[in-house]
Amino acid sequence: MVTMINSNIILLGMPGTGKGTQAKFLKEKHAIPHISTGELFREAASKKTKVGLKVKGFMEEGKLIPNGIVNEVILERLARDDCKKGFILDGYPRTIQQAKFLDKLLAKNGRPTAVLFITVEKQEVVKRLTGRRICENCGKDYNLYYLPPREPGICDVCGEMLIQREDDKIETINKRIEVYWNQTNMLVEYYKKRKYFFQINGKGTVNEINKQLVKLLQEQVSM
Ligand code: AMP
């Protein structure tokens, strides 16, 4: 059942804490778009668009894409009609500069913005990321340890081959975690004192975490 919440959601946390998975659930539950900057850039890179060609190298090395490029993409995406009743941001903002840019964009927005900070231990994050497989055709996520496909390497939904993201290989994962600690974790301080900042322990099943998030949004944020 769709429940309107009339708010924006920012999902914060290390790569591999389940932001994307939770965002997909929340999107269905609240009928607001899931905006993953990582997905937007992966799509641009695979289509070899102008932006895609600029960002490919950064992504492959697990480095952050320059703020100017990211902010421009977000500005354009949030201006679309489907964002009029709220949206879920996954993987944005990742730097203080992006957070300030977003604050300015949302200043006239009138809806509350919930910041959901999901925490998971590093060891667990590495396991989740190395085990992650995705279907490029329909977007369904799998995990070799927690949510394997029925037939190895094949998507349950559409039958296409599953792939491992280039940046989910161990060397790049370590770099992404380092980048998170150096550039993104400070956003916790930036958002911590806000009225709608919540920290959630991401240890548990996808459903358990999802229930917690839905309850929290309904009881404490929804207008
Ligand atoms: P993700 O799917 O969120 O893990 O993002 C994959 C990659 O896309 C990251 O490792 C970065 O190279 C790039 N990226 C995604 N979102 C951002 C962002 N907000 N700022 C800078 N780089 C980003």
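So, here's what we can say about the structure. (Residues numbered from 1 in each chain as written. Predicted model: local features only at pLDDT ≥ 70, side-chain atom pairs only at ≥ 80, totals over all residues. Heavy atoms only, no water.)

1. Some details on the sheet that holds strand E5 (residues 132-135)
The strand order across the open sheet formed by three strands is E6-E5-E7, and the pairing between neighbours is antiparallel. What marks the edges here is a single partner per strand, and that holds for strand E6 (141-143) and strand E7 (162-163). Of the strands in this sheet, E5 and E6 are in contact with helix H6 (residues 122-131), which crosses E5 at around 35°. (Pairing = 2+ DSSP bridges. Helix = DSSP H or I, 4+ residues; strand = E, 2+ residues; numbered from the N terminus. Contact = heavy atoms within 4.5 Å. Axes fitted to C-alpha atoms, helices over the stretch in contact; angles between N-to-C directions.)

2. Comments concerning the side chain of His30
Inspection of the secondary structure assignment puts His30 in helix H1 (residues 19-30). We classify His30 as buried; its relative accessible area is 0%. A polar side-chain atom of His30 sits 2.8 Å from the main-chain carbonyl oxygen of Thr3. In this structure His30 touches Val2, Thr3, Met4, Ile5, Leu217 and Gln218, once residues within four positions along its chain are discounted. (Buried < 20%, exposed > 50% of the residue type's maximum accessible area, 1.4 Å probe, protein only. Polar contact = N/O pair within 3.5 Å; in protein donor to acceptor, adjacent residues only side chain to side chain.)

3. Side note on the nonpolar core
Core analysis: the biggest nonpolar cluster contains 33 residues, and Phe41, Leu78, Leu89, Leu102 and Tyr191 have the highest contact counts within it. Elements with a minimum of two residues in this core: strand E1 (8-12), helix H3 (50-60), helix H4 (67-78), helix H5 (96-106), strand E4 (113-119), H6, helix H7 (170-184) and helix H8 (187-192). Here the element with the most residues in this core is H4; it accounts for five residues. Excluding anything up to four places from it in sequence, Phe41 contacts Val51, Val55, Met59, Ile65, Ile69, Val70 and Val73. The next biggest cluster of nonpolar side chains, apart from the first, holds 19 residues, and it includes Ile118, Leu213, Leu216 and Leu217. (Core = buried A, V, L, I, M, F, W, Y, C linked by side-chain atoms within 4.5 Å.)

4. Description of the site of the ligand
Taken together, 15 residues lie near the ligand, and Thr37, Arg42, Lys63, Gly91 and Gln98 sit nearest. One of the backbone N or O atoms of Ile65 is found 3.0 Å from a nitrogen atom in the ligand. Between Arg94 and the ligand, the recorded distance is 3.0 Å, taken from a side-chain N or O atom to a nitrogen atom. Across the complex, the protein chains shield 96% of the 490 Å² of accessible surface that the ligand would expose by itself. Among the elements that make up the shell around the ligand, the one with the highest residue count is helix H2 (residues 37-46) (three residues). (Near = heavy atom within 4 Å. Areas by Shrake-Rupley, 256 points an atom, 1.4 Å probe, with all protein chains shown as cover.)

5. Some thoughts on the packing of H2 against H4
In the contact formed by H2 and H4, the axes pass within 11 Å of each other and the chain directions differ by 100°. In terms of axis orientation, H2 runs roughly perpendicular to H4. Facing Thr37, Leu40 and Phe41 of H2, the residues of H4 in contact are Ile69, Val70, Val73, Ile74 and Arg77. (Parallel < 35°, antiparallel > 145°, perpendicular 65-115°, else oblique.)

6. Remarks on the sheet that holds strand E3 (residues 88-90)
Whether parallel or antiparallel, the strands of a sheet pair through hydrogen bonds between backbone atoms. Sheet architecture is open: five strands sit in the order E2-E3-E1-E4-E8, paired in parallel fashion. Each of the sheet's edge strands pairs with one partner strand only, and the pair in question is strand E2 (34-36) and strand E8 (197-201). Strand after strand, the sheet turns through a mean of 20° between neighbouring axes, direction not considered. One ladder, built from three bridges, connects E1 with E3; its direction is parallel. Bridge assignment links Ile9 to a residue of E3, and that residue is Ile88. H1 rests against E1, E2, E3 and E4 of the sheet, and its axis sits at about 165° to E3.

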